[in-house]
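Descriptive structure summary
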Amino acid sequence: MRILFTLIMVLLASVATDLRAQFRYIDASFEVTGPIVDTFGTNIDPFQLTLAQNGVPAMFTEVPRPLEMDVYQPADDEADLRPVVVVFPTGNFLPRFVNNGVLGTNRDSAVVGILKRLVSRGYVGIAAEYRQGWNPQSPLEDVRTSTLLQAAYRGGQDAHTMARFLRKTVVEEGNPYSIDTTRIVFWGLGTGGYVTMTHAFLDNIDEVLADDRFYDLNDLPYVSLAVSADPQGLLPAQFAPGVPSNIPNHVGYSSDVALSVNSGGALGDLDWMEGKDNEPMVLATHYLRDPNAPFSFGNVIVPTTGELVIGGVSGSEQIIERANELGINDRLNSANDTNLSGIFGS
């Protein structure tokens, strides 16, 4: 695991600086300060996740709520501009414990551990939450699939909100975290990997509407512009007249990032990857026998229920192969060609 983390640091460093200059982004050189808690957006949680008597967390709410982040910074760092890595935690799109697990917050040990390692090497580190809520306990597979897909769609919107917020802080707030907006990295852990991959490659709702898997038994789409808004979350949307379901945040700023990392997540459809200029480079780590998200191609099994929720998704192997084929990862060639013997030993 330590070797794997170091390799990711090398590839991240290739985004941040020339490896021949110095090892600022590889060697731990700074004390870590934080976290500073900040709000990067406001949006609608469609489900108020309180357990009803029957145990189904599915009470509708239209109340906006803040999207919070924890910011960690290197102490006494004199750099004016620093790469920023945003980590999205796992959690199955449900609150901790409701998801039958102990993970699912910005303060998860894996999230904090990764961020502290990054920040000690000179990055700005951010742990970002995203909206949760779906109906895993429905006896109907169609309901489980539709509500989970909608949750992933909202997660992608929240990631777009985060990227726009970072650029807004530079333009309108004097860059309080000293970040370089040309070097934004998104890193998703588990469920967070679905968020980062959706953000990276789903740029048009027509890509979802073109797939028969994303329609219910009545041939109605699981997502629509009217109810779910666009993938970037730039359009207002309503569940019903007068009932909001999406609030646009920071309109006018780009939500592109330089690099997306997927650790144990998946992408809903490989065709979403098109090789466009604004699609980020991709790194991935994945357990070969992951029981919940496929390493290559297969089904999503959510631990909350242990049942199939959606089939035919692409895991890390297919994502990286596709990124390489399309030339998305060509910018990493210099890092892949770097002589690492001085880091790993001869």
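Before reading on, note that the structure itself is shown above.
In this convention, every chain numbers its residues from 1, walking through the sequence in written order. Only residues with pLDDT of at least 70 are given local features in this predicted model, and only at 80 or more are side-chain atom pairs given and counted; all residues enter the totals for whole chains, interfaces and linings. Hydrogens are left out, water is left out, and the side-chain values use all remaining heavy atoms of the structure.

Things to note about the pattern of salt bridges
Pairing is possible between side chains of opposite charge, provided their charged atoms come close. Spelled out, the test is: Every case where a carboxyl oxygen of Asp or Glu lies within 4 Å of a side-chain nitrogen of Lys or Arg is listed as a salt bridge. Numbering goes from the N terminus for both helices and strands, where a helix is a DSSP run of H or I of at least four residues and a strand is a run of E of at least two.
Counting across every chain of the model gives 12 salt bridges. The closest approach of N and O atoms between Arg-65 and Asp-45, which form a salt bridge, is 2.7 Å. Taken together, the positions of Arg-65 in strand S4 (residues 64-74) and Asp-45 in the loop between strand S1 (32-44) and strand S2 (47-48) put the pair 20 residues apart, joining distant regions of the chain. Of the charged contacts in the structure, one is a salt bridge between Arg-131 and Asp-158, with a shortest N-O distance of 3.0 Å. Pair noted here: Arg-131 is in the loop between strand S6 (124-128) and helix H3 (141-172) and Asp-158 is in helix H3, with a separation of 27 residues, a long-range link.

Notes on the packing of H3 against helix H4 (residues 191-201)
Here is the rule we go by: Fitting a line to C-alpha atoms yields each axis, with helices limited to the stretch in contact; the angle taken between N-to-C directions then spans 0 to 180 degrees. These descriptions rest on fixed angle ranges, namely under 35 degrees for roughly parallel, over 145 for roughly antiparallel, 65 to 115 for roughly perpendicular, and the rest for oblique. Helix crossings get a hand from a simple test, with the near helix turned counterclockwise from the far one by less than a right angle marking a left-handed crossing and a clockwise turn marking a right-handed one. Note on definitions: a residue-residue contact is assigned when non-hydrogen atoms from the two residues lie within 4.5 Å. All residues other than Ala, Val, Leu, Ile, Met, Phe, Trp, Tyr, Cys, Pro, Asp, Glu, Lys and Arg, Gly among them, are scored as polar; the first ten of these are nonpolar and the last four charged.
Contact geometry of H3 with H4 gives a least axis separation of 8 Å together with a crossing angle of 70°. It follows from the interaxial angle that H3 and H4 lie roughly perpendicular. Once H3 is placed against H4, the crossing between them reads as right-handed. Every residue of H4 that contacts H3 at Ala-152, Gly-155, Gly-156, Ala-159 and His-160 is listed here: Val-195, Thr-198 and His-199. Broken down by class, the residue content of the contact of H3 with H4 amounts to three nonpolar, five polar and no charged.

What to know about the packing of aromatic side chains
Keep this limit in mind: Only centres within 6.5 Å qualify two rings of Phe, Tyr or Trp (six-membered ring in Trp) as a pair; their planes then separate them into stacked at under 30 degrees, edge-to-face at over 60, and tilted for everything else. The classification of residues rests on relative accessible area computed with a 1.4 Å probe and restricted to protein chains. Under 20% of the type maximum is buried, over 50% is exposed, and intermediate values are partly exposed.
This model, assessed by the stated rule, comprises five aromatic pairs. With a centroid separation of 5.6 Å and an interplanar angle of 70°, the aromatic rings of Phe-93 and Tyr-130 are classed as edge-to-face. Of the two residues, Phe-93 sits in the loop between strand S5 (82-88) and helix H2 (109-119) while Tyr-130 sits in the loop between S6 and H3, which places them 37 residues apart along the sequence. Across the pair, Tyr-130 and Phe-93 agree in class, each one buried. Ring plane angle 40° and centroid distance 6.3 Å describe the contact between Phe-214 and Trp-272, whose orientation is recorded as tilted. With Phe-214 in the loop between helix H5 (206-209) and helix H6 (225-228) and Trp-272 in the loop between strand S10 (259-263) and strand S11 (281-285), the pair connects residues that are 58 residues apart, well separated along the chain. Three or more aromatic residues joined by ring pairs form one cluster here, namely Phe-88, Phe-93, Tyr-130 and Phe-186.

Let's talk about the side chain of Asn-106
Keep this limit in mind: Pairs of N or O atoms are called polar contacts if they sit within 3.5 Å, as long as, within protein, a hydrogen donor faces a hydrogen acceptor (for residues adjacent in sequence, only side-chain-to-side-chain pairs).
Tracing the backbone through its elements, the reader meets Asn-106 in the loop between S5 and H2. Looking at Asn-106, the relative accessible area reads 10%, which means it is buried. At 3.5 Å, the side chain of Asn-106 and the backbone oxygen of Glu-68 are in polar contact. Polar side-chain contacts of Asn-106 include one of 3.3 Å to the backbone oxygen of Ala-127. Those residues in contact with Asn-106 that lie beyond four places of it in its chain are Glu-68, Met-69, Asp-70, Pro-89, Val-111, Val-112, Ala-127, Ala-128 and Glu-129.

What about the environment of Leu-288?
Tracing the backbone shows Leu-288 in the loop between S11 and strand S12 (297-302). Between the alpha carbons of Leu-288 and Ser-316 there is a distance of 9.6 Å; along the sequence they are 28 residues apart.

A few points about the nonpolar core
Note the cut-off: As used here, the term nonpolar core means buried Ala, Val, Leu, Ile, Met, Phe, Trp, Tyr and Cys residues forming a set that is joined through side-chain atoms within 4.5 Å.
In this structure, Val-86, Phe-93, Ile-126, Met-162, Leu-166, Phe-186 and Phe-201 are the most contacted members of the largest nonpolar core, which totals 53 residues. By residue number, the principal contributor to this core is H3, which donates 10 residues. Here Leu-166 is in contact with Val-84, Val-86, Ile-126, Ile-179, Thr-181 and Ile-184, once residues within four sequence places are set aside. Core analysis: the second largest hydrophobic core is formed by 20 residues, Tyr-25, Leu-118, Tyr-123 and Leu-283 among them.

Here we look at unusual backbone geometry
That bond from Gly-34 to Pro-35 is cis: its omega, 10°, falls within 30 degrees of zero. Along the chain, the position of Pro-35 falls in strand S1. The backbone of Asp-219 sits at a positive phi, close to 65°, despite the residue not being glycine. Here Asp-219 shows up in the loop between H5 and H6. On the accessibility criterion, Asp-219 (58% relative accessible area) is exposed. Here Ala-229, not a glycine, exhibits a phi torsion of approximately 70°, which is positive. Here Ala-229 shows up in the loop between H6 and strand S8 (237-240).

From the geometry alone we can't say anything about function, so treat these as descriptive.
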